[in-house]
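Below, each chain spelled out in residue letters.
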Amino acid sequence: MDRHLILPIDNKYEIKVNYFIESEANHIFNTFDFFNIHKTDRAFYFQLCKKNSEIVLGTIHFTEIASDLFKSPAKGTFGGFVIQENIEFNIYEQFIITVDDYLWCMGAKRIEVLVQPMCHNPSLFSLTYNIMTRLGYAVENHELNYNLAVDNICFSAKINHGNRKRLNKCLREGFTAKELDYSVYDQAYSVISENRIRRGFIFSMKYEQILQMVSTFPEKMKFFGVFNKDIIVCSSICVVINPLILYVYAWGDIDNMQNYSPITLLANYIYEYAQKKAFQIVDLGTSTILGEPNIGLMQFKKNLGCQESLKLSFSKDFKIIITENK
C-alpha cells in the first residue's frame, strides 16, 4: 500500500506516510530499499518531518505479517524508531503515539517492534524504553548482544592469550585474510551454511536472498575470508549498518579447523578493516536465543574483546473497548 498521507503532530512537526524521502539519519534496516524488499499489501513507512518540508527527523516502518499483526521490521535484524539526537523528548513521544494511533485505525490488534541493540545508541535506546513502556508496550524478548569497540588499540591487545596464540599460528602457517569479490560469494556462503549445518543450525537466509541484499545494497554488503593457499577455510558476511557500525551477520569455518581457529584471523582482519574505515563498533550479534544463554558462544565473543549490551523487542496488544447503551 503506497497511499500518501500526512499525520499532524503540532504546528511545527508532522508525519509523512509512504513518501519515502531520502534521509542520511538512518540505519540500513530502516531504509525504504530494505522496507520495499519485505513489504506486503499493508505496509507503512513513517517519517517525522518538519512541517511543509522534506527534512526527515525520524523514521520507522511497519508491515502486516499476519492478520492485524504489524511488525517493525517484517524481516531483519532490527528495525524500530530512528530519530535525530536533537529532537525534543515530547516530540519523539508524540511520534510514537501518532504511529500507534494510525496503526490502530488501520485495524492493528498487535504491534511488535524489534529495536537496535543498546550499544548502537544508548541514548535512543533509553528514551525508547521509557516511552514505550509507559505507552503500554511490554518487553516481548530480551537478548544479549556482543559488540567490539573500534579504537586505536590493536586487535591482539584486546583478545585473550589463547586467541593470540591461534592468531599467531595462522599467520605462521601462511593463512591470509582479505575482502572477497563477487566471484567467490557463493563459496563464502557455502562455508558458512555448511558450518551451521554441522552445528545443528539452519542458515536463516538462502543464497538468493543474500544476492538480493547485495543487489539492493552493493556498497553495504561486505564479504571477508581466510585462505589457506587457494582454499577458503573461513568466511563472513557483514553489513554496514550505518557509517559507524559494521555488523557481522554470519561467519564460519570449514570442518577440521579446530587446530587453527581461522575465525580469530578473520576477526582480526575485520577489526583492522573497521579501523581503516572509521567504524566505531563491530557488532558480532546475539549469543542468546529467547533470552537463554549460549555459554560457549558468549565466552567465545568475550575472548575476542566484546562487551554485552541488551537487545529488546517490544509488543503491544490493542484492547477493543465495547460500550453498551443504557
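As shown above, the structure is provided for reference.
Residues numbered from 1 in each chain as written. Predicted model: local features only at pLDDT ≥ 70, side-chain atom pairs only at ≥ 80, totals over all residues. Heavy atoms only, no water.

1. Looking at the nonpolar core
The test is simple: Nine residue types can take part in a nonpolar core, namely buried Ala, Val, Leu, Ile, Met, Phe, Trp, Tyr and Cys, and a core is a set of them joined through side-chain atoms within 4.5 Å. Buried, partly exposed and exposed residues are distinguished by accessible area as a fraction of the type maximum, computed with a 1.4 Å probe on protein chains only: under 20%, between the cut-offs, and over 50%, respectively. The helix and strand labels rest on DSSP assignments: H or I over at least four residues marks a helix, E over at least two residues marks a strand, and numbering proceeds from the N terminus. By the convention used here, residues are in contact when the closest approach between their heavy atoms is within 4.5 Å.
Judged by nonpolar contacts, the single largest core of 36 residues is most densely connected at Ile15, Phe46, Phe62, Tyr92, Phe95 and Leu103. Mapped onto this core, the elements with two or more residues apiece are strand 1 (5–8), strand 2 (13–17), strand 3 (43–50), strand 4 (56–66), helix 2 (89–105), strand 7 (110–114), helix 3 (122–134) and strand 16 (307–317). Ranked by the residues each element gives to this core, the list is headed by helix 2, at seven residues. The residues touching Tyr92, leaving out its near neighbours within four places in the chain, are Phe81, Ile83, Ile87, Leu124, Leu127, Thr128 and Ile131. Formed by 32 residues, the second largest nonpolar core is a distinct cluster that contains Tyr146, Phe155, Phe175 and Ala267.

2. A look at the environment of Val17
Position of Val17 among the secondary structure elements: in strand 2. Spatially, the C-alpha atom of Val17 lies 7.5 Å from that of Arg3, the residues being 14 residues apart in sequence. The residues contacting Val17, other than those within four sequence positions of it, are Arg3, His4, Leu5, Leu7, Phe44, Tyr45 and Phe46.

3. Focus on the pairing of strand 10 (residues 221–228)
This is how the line gets drawn: DSSP-based pairing: two strands are paired if at least 2 bridges between them are found.
Where burial is concerned, most of strand 10 is hidden: seven out of the eight residues are buried. Taken together, the four bridges between strand 9 (residues 176–179) and strand 10 define a ladder with antiparallel strand orientation. For Lys178, the partnering residue across the bridge sits in strand 10 and is Gly225. When strand 10 meets strand 11 (residues 231–242), the two strands line up antiparallel, connected through eight bridges.

4. Some remarks on the environment of Cys306
Inspection of the secondary structure assignment puts Cys306 in the loop between helix 9 (295–303) and strand 16. Sequence spacing of Cys306 and Leu148 is 158 residues, and the spatial spacing of their C-alpha atoms is 4.5 Å. In this structure, Cys306 is in contact with Tyr146, Asn147, Leu148, Leu284 and Lys301, ignoring residues within four places of it in sequence.

5. Quick look at the side chain of His27
Its location among the elements puts His27 in the loop between strand 2 and helix 1 (32–38). Residue classification places His27 among the buried positions, given a relative accessible area of 2%. Once residues within four sequence positions are removed from consideration, His27 is found in contact with Phe78, Gly79, Val82, Gln116 and Ile241.

6. Observations concerning the pairing of strand 12 (residues 245–253)
Definition in use: Here, the term right-handed applies to a crossover whose path from the first strand over the helix to the second runs clockwise when the strands point away from the viewer.
Across the nine residues of strand 12, nine count as buried, placing the element largely inside the fold. Here eight bridges tie strand 11 to strand 12, and the two strands are oriented antiparallel to one another. Bridging across to strand 12, Cys234 finds its partner in Asp253. Here strand 11 folds back onto strand 12, and the loop between the two strands holds two residues. Once you follow strand 12 into helix 8 (residues 262–276) and on to strand 13 (residues 281–286), the crossover reads as right-handed.

7. With respect to the packing of aromatic side chains
Rule in force here: Two aromatic rings from Phe, Tyr or Trp, using only the six-membered ring of Trp, form a pair when their centres are within 6.5 Å; if the ring planes differ by under 30 degrees the pair is stacked, by over 60 it is edge-to-face, and anything between is tilted. Each ring is checked for a lysine NZ or an arginine CZ that lies within 6 Å of its centre and within 35 degrees of its normal; such an atom marks a charge sitting over the ring.
All told, the structure shown has 27 aromatic pairs when counted by the stated rule. Ring geometry for Phe44 versus Phe70: centroids 6.0 Å apart, planes at 35 degrees, classification tilted. Separated by 26 residues along the polypeptide, Phe44 in strand 3 and Phe70 in strand 5 (residues 69–72) bring together distant segments of the chain. Each member of the pair Phe44 and Phe70 is classed as buried. A network of ring pairs unites the aromatic residues Phe44, Phe46, Phe62, Phe70 and Tyr102 as a single cluster. Just above the ring of Phe227 sits the side chain of Lys178; from NZ or CZ to the centre is 4.8 Å.

8. Some details on a nonpolar patch on the surface
Definition in use: A residue counts toward a patch only above 30% relative accessible area and without a salt bridge, and it is joined to like-charged neighbours within 9 Å or, for Val, Leu, Ile, Met, Phe, Trp and Tyr, to nonpolar neighbours within 5 Å. Note that accessible areas follow from Shrake-Rupley with a 1.4 Å probe, and for residues the cover is restricted to the protein chains shown. By convention in these notes, a salt bridge is any Lys or Arg side-chain nitrogen within 4 Å of a carboxyl oxygen on Asp or Glu.
A contiguous nonpolar patch, built from Phe201, Ile289 and Leu290 and spanning about 340 Å² of accessible area, is present on the exposed surface. Within the element layout of this structure, Ile289 appears in strand 14 (residues 288–289). For Ile289, a relative accessible area of 57% corresponds to the exposed category.

9. Details of unusual backbone geometry
With the exception of glycine, the majority of residues adopt a negative phi angle, and the majority of peptide bonds are in the trans configuration. The omega angle of the peptide bond from Ser72 to Pro73 is -5 degrees, so this bond is cis rather than trans. Inspection of the secondary structure puts Pro73 in the loop between strand 5 and strand 6 (82–83). Residue Phe20 is not a glycine yet carries a positive backbone phi of 55 degrees. Residue placement: Phe20 occurs in the loop between strand 2 and helix 1. Not every positive phi belongs to a glycine, and Ala278 is a case in point at roughly 65 degrees. Its place among the elements puts Ala278 in the loop between helix 8 and strand 13.

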